[in-house]
Amino acid sequence: MAATSTTANAPSALTFPREIFAALQPRQYLLAHLSPASKSQTSVRPNGRKPTEFRKLSVNTDSLTHCNGSAVVRMGNTAVVCGVRGEILLARDVPNPPTISTNDEDNDRDELARLGLLVPNVELSTGSNPSHIPGQAPSGLAQSLASRLLQLLSTTGLVASKDLRIWYQPIIEQEPEVGSEPEIIAYWTLYLDILYISLDGAALDAAWLAMLAALRSVKLPKAWWDPDMEAIICSDSIADAKALSLRGLPIPAGFAVFDETPEGVEDTTQEKGWILADPDQFEEEHCREHISVVVDMSGDAANSIRAIDKRGGSFVDVEKMRTIVDLTQQRWKECKDVLDAQST
Amino acid sequence: MDRQDRRRINPPSGGTAPPLFASAIALAGASQFKRPIRSRKPDELRKIFLQTGLVPSASGSAYLELQSPSPSGTHDLVSSKSSLKLTCSVHGPKPLPRSAPFSPHLVLTTHVKFAPFAARQRRGYIRDSSERDLGVHLETALRGAIIGERWPKSGVDVIITILEGEEDRWWGDEVGGGTKGIGGAGWGLMTVLAGCITCASAAIVDAGIDCVDMVSGGVAALLPAPERSEKGKGKDVQETTVVLDPCPSEHQEIQAVCVVAYLQGRDEITELWVKGNAGDAAAAIVDNAVRAAVASKAVLTEAVKEAAELKFSVESGRPQEHPKGSRDLEMSG
């Protein structure tokens, strides 16, 4: 029930500035934007993007002094900082140390999870958004984001636990040439602190991309056990430091589905829903159906889906889901180019 | 650190320790690291980068960065440079919640929080007392500038996140344990506060909250006389020096530091904080802190002017103020 002002000729129509329309009738406002005025026109979202257009990603790594790796990621008005910091967990402080088999991939994940060597945390109350004012406990969104990031880290197996082990081969005084079995004396624990500078939708995507870019820039110092000092000593030379060998490059993309049958219109041929890629906050708030897909094309392209999460609504069927995965795969290529440009 | 916080993901229960670097142990003997040396003139400030309008969903926001001129050392893993990076966003003025008692003027709330990675030692997520104290100082500084009577029954939140904080002392002193002066602690907070004041002021202007003047922060430090030889010490009068915008890691010893929040137009100080033993030089360091505040005011004015020009050129120049492809809409019925 809306038209562009150029085609308006009904004298009784009420006209409002955009902001007021958006505040009064947000769904109508979105619908009016998305419904093309004529067949030849494509639908355009209120933020000026096409329905399946993502925001431009920009990444900047290693800008923080006191981190082993860090990244600032910007997607439109969403800006996130992630700092990765390594601290040392002594093996003797672990209550039930897991048994290590060096080649077992599955055991690797179990080891990380049991030891809790990856500690992602999310802070939204940095003034990033009026709905997250500090002074309160972390909001539901912050908690769910942190837990989802941890889950994604664990299911994608991004960080290999072999990078986090610190080995020590004790020297037996009596028989120095025999040598004993090397043992794991300590582990690196990675604190992944994610702070939102500004939040405007796509919170999970931005957080994950920031974390990924930060992990790619991590340089862990060479560490060894010093039996005399009874402590782990690290080398401060950058030449000795090692980057993490990350497994693959999983990249998420968020979608929102806006479906609305305009009241009084019985035209079934008219498309009822729009899949909006990389929704901003306004769109996120007024869409009922949300989809998040994680793909990793660095290996087998046919077998690239790492996670799919779909909540609410019933607009997306198998066919549409396929389109969404295709879009995510295109997005993966864009993101990879941006991330690679940073790391060289 | 909060050991068990059920709303966050906790570190391993065994506890973790920050890495100990080989060079730090060697440092006690021959120092292979050089303490950064102040290359600026005593009355020269570090370069300030200030930009407003970072957070579109906030009514006002600003980002401030102090660029340290000393280049980072060859040992990249233990960086010797210390800098300051902080963001500020202002939310409001907005109506107070119904449960709040009547207030005839604007209720100002300030939150200052260090990021977990802001310092060499990892910080927790829950605000500690020093952060709350900074918040109180900031509130005092801003309250003197804002014309609160114009917003009865409303509140405004000023939120500062410190992404990278100034260090309290050179890290070599920390491991060597050779700190002199009172505890050596807390000097960095003074520079941080001055940065917070300037940045918050820019964000408040960006939010369009009426102020009597733009308040700006300035710091000055009193350095003790350089140590003389034993013989000369008796007769020489101790000569202290005052430097503007001190970088604590550059000085072995600091006697006193002063922060002011200064309204240049009215020649008023809204906040004054002196730490340490200033002695006779108390008036001198306050004067110098004011000089530093005047200098940062110039940067503040420039940043605000730039933002305003950008805003008005967009508004008056072209009618296309909305993103591409957007259309005016009409609602009928």
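None of the values given here were measured: they were computed from a predicted structure.

Calculation criteria
Residues numbered from 1 in each chain as written. Chains lettered and ligands numbered in written order. Predicted model: local features only at pLDDT ≥ 70, side-chain atom pairs only at ≥ 80, totals over all residues. Heavy atoms only, no water. Helix = DSSP H or I, 4+ residues; strand = E, 2+ residues; numbered from the N terminus. Buried < 20%, exposed > 50% of the residue type's maximum accessible area, 1.4 Å probe, protein only. Contact = heavy atoms within 4.5 Å. Salt bridge = Lys/Arg side-chain N within 4 Å of Asp/Glu carboxyl O. Polar contact = N/O pair within 3.5 Å; in protein donor to acceptor, adjacent residues only side chain to side chain. Nonpolar A, V, L, I, M, F, W, Y, C, P; charged D, E, K, R; others polar. Pairing = 2+ DSSP bridges. Axes fitted to C-alpha atoms, helices over the stretch in contact; angles between N-to-C directions. Domains from an automatic or database assignment. Buried area = accessible area lost by both parts, 1.4 Å probe. Phe/Tyr/Trp six-rings, centres within 6.5 Å; stacked < 30°, edge-to-face > 60°. Lys NZ or Arg CZ within 6 Å of the ring centre and 35° of its normal. Core = buried A, V, L, I, M, F, W, Y, C linked by side-chain atoms within 4.5 Å.

A. The arrangement of the overall build of chain B in detail. Helix and strand content of chain B: six helices and 11 strands. Per-residue burial over chain B gives 50% buried out of 333 residues.

B. Inspection of the overall build of chain A at higher detail. When helices and strands are counted, chain A shows seven helices and 16 strands. Expressed as a percentage of its 344 residues, the buried residues of chain A come to 53%. A fraction of 67% describes how many contacts in chain A between residues 6 or more apart in sequence connect residues 24 or more apart.

C. Expanded view of the interface of chain B and chain A. Each side of the interface is counted separately: chain B has 62 residues, and chain A has 82 residues. Remark: the boundary between chain B and chain A carries two salt bridges. A salt bridge links B:Arg8 to A:Glu123; the nearest nitrogen and oxygen atoms lie 3.9 Å apart. In this structure, the connection of chain B to chain A is made through 16 residue pairs in polar contact (both at pLDDT 80 or more). For the side of chain B that touches chain A, the elements supplying multiple residues, two or more each, are strand E1 (20–21), helix H1 (22–26), strand E4 (84–95), strand E6 (154–164) and strand E11 (329–331) of chain B. Per-class residue counts for the side of chain B that touches chain A are 27 nonpolar, 19 polar and 16 charged. With two bridges connecting them, strand E11 (residues 231–234) of chain A and E1(B) associate as parallel partners. Paired with A:Ile233 across the bridge in E1(B) is B:Leu20.

D. Layout of the side chain of A:His66. Mapped onto the elements of the fold, A:His66 is located in the loop between strand E3 (57–61) and strand E4 (69–75). Residue classification places A:His66 among the buried positions, given a relative accessible area of 9%. When residues no more than four places from it in sequence are discounted, the contact partners of A:His66 are A:Arg85, B:Phe117, B:Ala118, B:Ala119, B:Arg120, B:Glu164 and B:Glu167.

E. Fine view of the sheet that holds strand E16 (residues 305–311) of chain A. Residue and element names in this part refer to chain A. Strand order across the open sheet formed by four strands is E14-E13-E15-E16, with antiparallel pairing between neighbours. Each edge of the open sheet is held by one strand with a lone partner, namely strand E14 (273–277) and E16. On average, each strand axis in the sheet is inclined to that of its neighbour by 20°, with strand direction left out of account. Strand direction decides the pairing type here: strand E15 (residues 289–295) and E16, joined by six bridges, are antiparallel. By the bridge assignment, Val-294 is partnered in E16 with Ala-307. Here helix H2 (residues 26–34) sits on the sheet and contacts strand E13 (251–259) and E14; the angle it forms with E13, its principal contact strand, is near 100°. Running over the sheet, helix H7 (residues 318–343) touches E13, E14, E15 and E16 and is turned about 140° from E13.

F. Structural view of the domain arrangement of chain A. All names here are of chain A. Here chain A is described as being made up of domain 1 (44–52 + 251–343) and domain 2 (57–243). Spacing between the C-alpha centres of domain 1 and domain 2 amounts to 30 Å. Roughly 1,700 Å² of surface becomes buried between domain 1 and domain 2 when both sides are summed, with 55% attributable to carbon and sulfur atoms. Counting the surface domain 1 buries against domain 2, the share from its top three residues, Pro-252, Leu-339 and Gln-342, is 33%. Here domain 1 is connected to domain 2 by two salt bridges. Among the salt bridges present, the one from Arg-148 reaches Asp-309, with a minimum N-O distance of 3.6 Å. At the junction of domain 1 with domain 2, the criterion picks out seven residue pairs in polar contact (both at pLDDT 80 or more).

G. Layout of the packing of aromatic side chains. In this structure the tally under the stated criterion is six aromatic pairs over all chains. Measuring from centroid to centroid gives 5.7 Å for A:Tyr29 and A:Phe282, while their planes differ by 85°, and the two rings are edge-to-face. Separated by 253 residues along the polypeptide, A:Tyr29 in helix H2 and A:Phe282 in helix H6 (residues 281–286) bring together distant segments of the chain. Looking at A:Phe282, the relative accessible area reads 23%, which means it is partly exposed. An aromatic cluster of at least three residues, connected via ring pairs, comprises A:Phe21, A:Tyr29 and A:Phe282. Cation over ring: A:Lys320 sits above A:Phe315, and NZ or CZ is 4.5 Å from the ring centre. A cation sits over an aromatic face here: B:Arg123 above B:Phe114, 4.0 Å from the ring centre.

H. Highlighting the environment of B:Ala284. Residue and element names in this part refer to chain B. Among the secondary structure elements, Ala-284 is positioned in helix H6 (residues 282–317). A relative accessible area of 32% places Ala-284 in the partly exposed class. Each C-alpha atom of the pair Ala-284 and Ala-145 lies 24 Å from the other, and the pair is 139 residues apart in sequence.

I. Just the pattern of salt bridges, in detail. Residue and element names in this part refer to chain A. Applying the stated rule across the entire model yields 33 salt bridges over all chains. Between Glu-283 and Arg-45 there is a salt bridge; the shortest N-O distance is 2.8 Å. Pair noted here: Glu-283 is in helix H6 and Arg-45 is in the loop between H2 and E3, with a separation of 238 residues, a long-range link. Judged by relative accessible area, Arg-45 falls into the buried class, the value being 0%. Taking the shortest distance from any N to any O, the salt bridge between Glu-334 and Arg-331 comes out at 3.3 Å.

J. Looking closely at the nonpolar core. One finds A:Leu164, A:Tyr196 and A:Leu215 to be the most contacted residues of the largest nonpolar core, which totals 86 residues. Ranked by residue count, the leading element in this core is helix H5 (residues 203–216) of chain A, at 12 residues. Both of domain 1 (44–52 + 251–343) and domain 2 (57–243) of chain A provide at least three residues apiece to this core. With sequence-adjacent residues up to four places away left out, A:Tyr196 is seen in contact with A:Ala79, A:Val80, A:Val122, A:Glu123, A:Leu124, A:Thr126, A:Ser128, A:Leu145, A:Ala203, A:Leu204 and A:Ala207. Core analysis: the next-biggest nonpolar cluster, separate from the first, contains 67 residues, B:Leu54, B:Ala118, B:Ile146 and B:Val219 among them.

K. Spotlight on unusual backbone geometry. Of the consecutive residues B:Gly92 and B:Pro93, the connecting peptide bond is found in the cis state with omega at 0°. Backbone geometry places A:Ala202, a non-glycine residue, at a positive phi of 50°. Mapped onto the elements of the fold, A:Ala202 is located in the loop between strand E8 (183–198) and H5. According to the relative accessible area criterion, A:Ala202 is buried, its value standing at 6%. Residue A:Glu230 is not a glycine yet carries a positive backbone phi of 55°. Its location among the elements puts A:Glu230 in the loop between strand E10 (223–226) and E11.

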